[in-house]
Amino acid sequence: MLAVSRSRDGYTGHCRSASRASKACASMASAVTSSAEWKLWYWPGIKGRGEYVRLVFEEAAVPYVDVGVEEGSDKVVEFCFKGGNKHFPVRAPPALQKGDFVLCGSNVILNYLNTKFGWGPADAESRAHIEQILAVVADAVGEG
């Protein structure tokens, strides 16, 4: 089982049982983490579109830095809109960064992490169904 807690420094997650899922979490966490750390650029205190990305990291038990929570919204504005990002262009938060790699757009980030963490099906038809579900979620969030 994954325990998720919110601390002053942001979100933290860890696996709590010796179940097969927990072993998979630990395996994924070690395989996905490298010298570069994951950074989520999103607004502090707002669940919105960035919350889905947070939940993926928590479920995978992969450490990440929630920059908005730890350093404030001014850092998010600087990175996303005022030239702080020197890598691939970002349209708007949430944005994901690992070293020089930068990606934005909730659905794009979620699909990327799904592949990166080894989740989801291998066949194109089933992946298309996942994209369809993500599009429905995005529509629901967008329409309030």
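Let us look at the structure shown here. Keep in mind it's a predicted model, so treat the numbers as computed, not measured.

On to the side chain of Arg-54, then. Structurally, the position occupied by Arg-54 is in helix H2 (residues 48-60). By relative accessible area, which is 2% here, Arg-54 ends up buried. Separated by 3.2 Å, the side chain of Arg-54 and the backbone oxygen of Trp-43 make a polar contact.

As a further point, take the pairing of strand E3 (residues 38-41). As paired elements, E3 and strand E4 (residues 64-66) share three bridges and run parallel to each other. Within E4, the position partnered with Leu-40 by the bridge is Asp-66. Taken together, E3, H2 and E4 form a β-α-β motif whose crossover is right-handed. Bridge count for E3 against strand E5 (residues 95-98) is four bridges, and the pairing is antiparallel. In the sheet register, Lys-39 faces E5, and the bridge partner there is Gln-97.

With that out of the way, let us pick up unusual backbone geometry. The omega torsion across Pro-93 and Pro-94 is 5°, close enough to zero to call that bond cis. Tracing the chain through its elements places Pro-94 in the loop between helix H4 (73-81) and E5. The phi dihedral of Ala-61 is positive, around 55°, even though this residue is not glycine. Mapped onto the elements of the fold, Ala-61 is located in the loop between H2 and E4.

The tally for this structure, following the rule as stated, stands at three salt bridges. A salt bridge links Lys-47 to Glu-51, with the nearest nitrogen and oxygen atoms 4.0 Å apart. We classify Glu-51 as buried; its relative accessible area is 12%. Among the salt bridges present, the one from Arg-54 reaches Asp-66, with a minimum N-O distance of 2.7 Å. One end of the pair, Arg-54, is in helix H2; the other, Asp-66, is in strand E4, with twelve residues separating them in the sequence. The residues Arg-54 and Asp-66 share a single accessibility class, namely buried. The network of salt bridges with shared partners includes Lys-47, Glu-51, Arg-54 and Asp-66.

Here we have four strands laid out as an open sheet, ordered E4-E3-E5-E6, and mixed in their pairing. Strand pairing shows two members of the sheet lacking a second neighbour, E4 and strand E6 (101-104), which therefore form its edges. Shown here is a sheet whose adjacent strand axes are inclined to one another by a mean of 20°, direction ignored. The strands touched by helix H5 (residues 106-116) within the sheet are E3, E5 and E6, with E6 carrying the most contacts at an inclination of about 130°.

Rules of the game
Residues numbered from 1 in each chain as written. Predicted model: local features only at pLDDT ≥ 70, side-chain atom pairs only at ≥ 80, totals over all residues. Heavy atoms only, no water. Helix = DSSP H or I, 4+ residues; strand = E, 2+ residues; numbered from the N terminus. Buried < 20%, exposed > 50% of the residue type's maximum accessible area, 1.4 Å probe, protein only. Polar contact = N/O pair within 3.5 Å; in protein donor to acceptor, adjacent residues only side chain to side chain. Pairing = 2+ DSSP bridges. Right-handed = clockwise from strand over helix to strand, strands pointing away. Salt bridge = Lys/Arg side-chain N within 4 Å of Asp/Glu carboxyl O. Axes fitted to C-alpha atoms, helices over the stretch in contact; angles between N-to-C directions. Contact = heavy atoms within 4.5 Å.

Spatial relationships are all this shows, so hold off on functional conclusions.
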